[in-house]
Each structure stands twice: as C-alpha cells, then as structure tokens.
Amino acid sequence: MLKKIIAFLSVVFISSCSYWQSGDYNICPRVQINRDNAYLTQVVNYKEQFQISLIGHEGFCYFDAKTNQHKARISALFEIKRLRPSDETAVDFAYYTSAVKGPKEFLGKKTYYEHVQIPADEKLVEYKSRPVDVRIPESMKYSFDITLGMVISPEEFKYNKRTFDINYKYYNN
C-alpha cells in the first residue's frame, strides 16, 4: 500500500512540475515586440548616424484607485548606437504602445516621444524610457496583449527592409 501511495505522489509531483513549466501563466503585462518595427536607423545627409533598437521592456500591473482601473506600467528599453563619428549628441525618436484585441474601449495606439543626450565620445548607450501607463481590462489581465514598437516612417520602414536587422559596425577607431 505504501508503494502505491509513493508512486501516486510521484506521478502527481512530476505532472505538477510539467504544468508549471509548460507556459507563461499569470504574466502581466503581456508585451510583444515585433522585429519589423523594433529598430530604426537614422540617416542624416545620406549617412547613417544612429541606430536605435527596442531591446526589451520592464513592467508590472497594478490597480489605480484614483481612476478605478487596472493598468500596466511599462518602460521600454532601448540601445542607441552611434554609427559614425560626429559631434551630434541629441537623438530624438518615438515609440508606441498598441492593443488590437479586447474590448473596444481599451484598443488603440498611443505614441511617446523621447529625447536622449549621448556624449560625443560614446558609441553605445542603453536607455530606459519614462514609464507609461496602459489601461487593461480586469477580465483580461493575464491575456491582454500590448504591442510595443518604434514609430517608423514609410521611408524608414523601406530602409529597414532593405538593410534587414543587422548589427552595424561602421564606427572606426
């Protein structure tokens, strides 16, 4: 009888371990980044100056008692690479959050603008954006997908498609 109990508990233990490892349960916020619009090469005077890449995010969900809403607070993480030596230190770009599935009052796209100062002697800088809040429906807290991406003009998108997602190494020392 003891052997049967031990065997049963072993099966339960093994199946519970595989259950917890099989998926991303109870993750909030659920942020997705599409590589097609996660990087941007800024071209100035027909020369590539900076490459800005959306490399990830940090975030959490909370209940805002003031507005009586569930929200996701997200900070985008960027890598800004200087491609050519220059005295340019200001980098301006925009990114967005978007929701395409769910109740219609939670859908839409919102744009955020960033201004980053990079020292002239720095080749690579990692940057964390200001946190932004995105409303999420309570019933879809763990299944509401938020897309994060760079705001890219049609010409920049065409340039990205022509150059692919490559790691430039233009900078010479």
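Note that this is a predicted model, so its numbers are computed, not measured. (Residues numbered from 1 in each chain as written. Predicted model: local features only at pLDDT ≥ 70, side-chain atom pairs only at ≥ 80, totals over all residues. Heavy atoms only, no water.)

Student: Would you mind going over the sheet that holds strand 1 (residues 30-33) with me for this structure?
Tutor: By definition, the strands of a sheet pair up through backbone hydrogen bonds, in either a parallel or an antiparallel sense. The four strands lie next to each other as 1-9-5-6, forming an open sheet whose pairing is mixed. Pairing within the sheet leaves two strands with one partner each, and these edge strands are strand 1 and strand 6 (108-117). When the angles between neighbouring strand axes are averaged without regard to direction, this sheet yields 25 degrees. Note: strand 5 (residues 90-99) against strand 9 (residues 145-150), four bridges, orientation antiparallel. The residue of strand 9 that forms the bridge with Ser98 is Thr147. (Pairing = 2+ DSSP bridges. Helix = DSSP H or I, 4+ residues; strand = E, 2+ residues; numbered from the N terminus. Axes fitted to C-alpha atoms, helices over the stretch in contact; angles between N-to-C directions.)

Student: Help me understand the packing of aromatic side chains, please; the structure alone is not making it clear to me.
Tutor: Per the stated rule, a full pass over the model turns up six aromatic pairs. Pairwise contacts between aromatic rings join Phe78, Phe93, Tyr95, Tyr112 and Tyr127 into one cluster. Over the ring of Tyr96 we find Lys109; its NZ or CZ atom is 4.2 Å from the centre of that ring. Above the ring of Phe106, the side-chain terminus of Arg135 is found at 4.6 Å from the ring centroid. (Phe/Tyr/Trp six-rings, centres within 6.5 Å; stacked < 30°, edge-to-face > 60°. Lys NZ or Arg CZ within 6 Å of the ring centre and 35° of its normal.)

Student: How should the nonpolar core be read in this particular structure?
Tutor: In globular proteins that are soluble, nonpolar side chains generally tend to be buried together. Membership of the largest hydrophobic core comes to 31 residues, with the highest contact counts inside it found for Ile52, Ile74, Phe78, Ile80, Phe93 and Met150. When contributions to this core are tallied by element, the ones reaching two or more residues are strand 3 (47-64), strand 4 (69-82), strand 5, strand 6, strand 7 (124-128), strand 8 (132-136) and strand 9. The element best represented in this core is strand 4, accounting for five residues. The residues contacting Ile74, other than those within four sequence positions of it, are Pro29, Val31, His57, Glu58, Gly59, Arg130, Pro131, Val132, Val134, Ile146 and Leu148. (Core = buried A, V, L, I, M, F, W, Y, C linked by side-chain atoms within 4.5 Å. Buried < 20%, exposed > 50% of the residue type's maximum accessible area, 1.4 Å probe, protein only. Contact = heavy atoms within 4.5 Å.)

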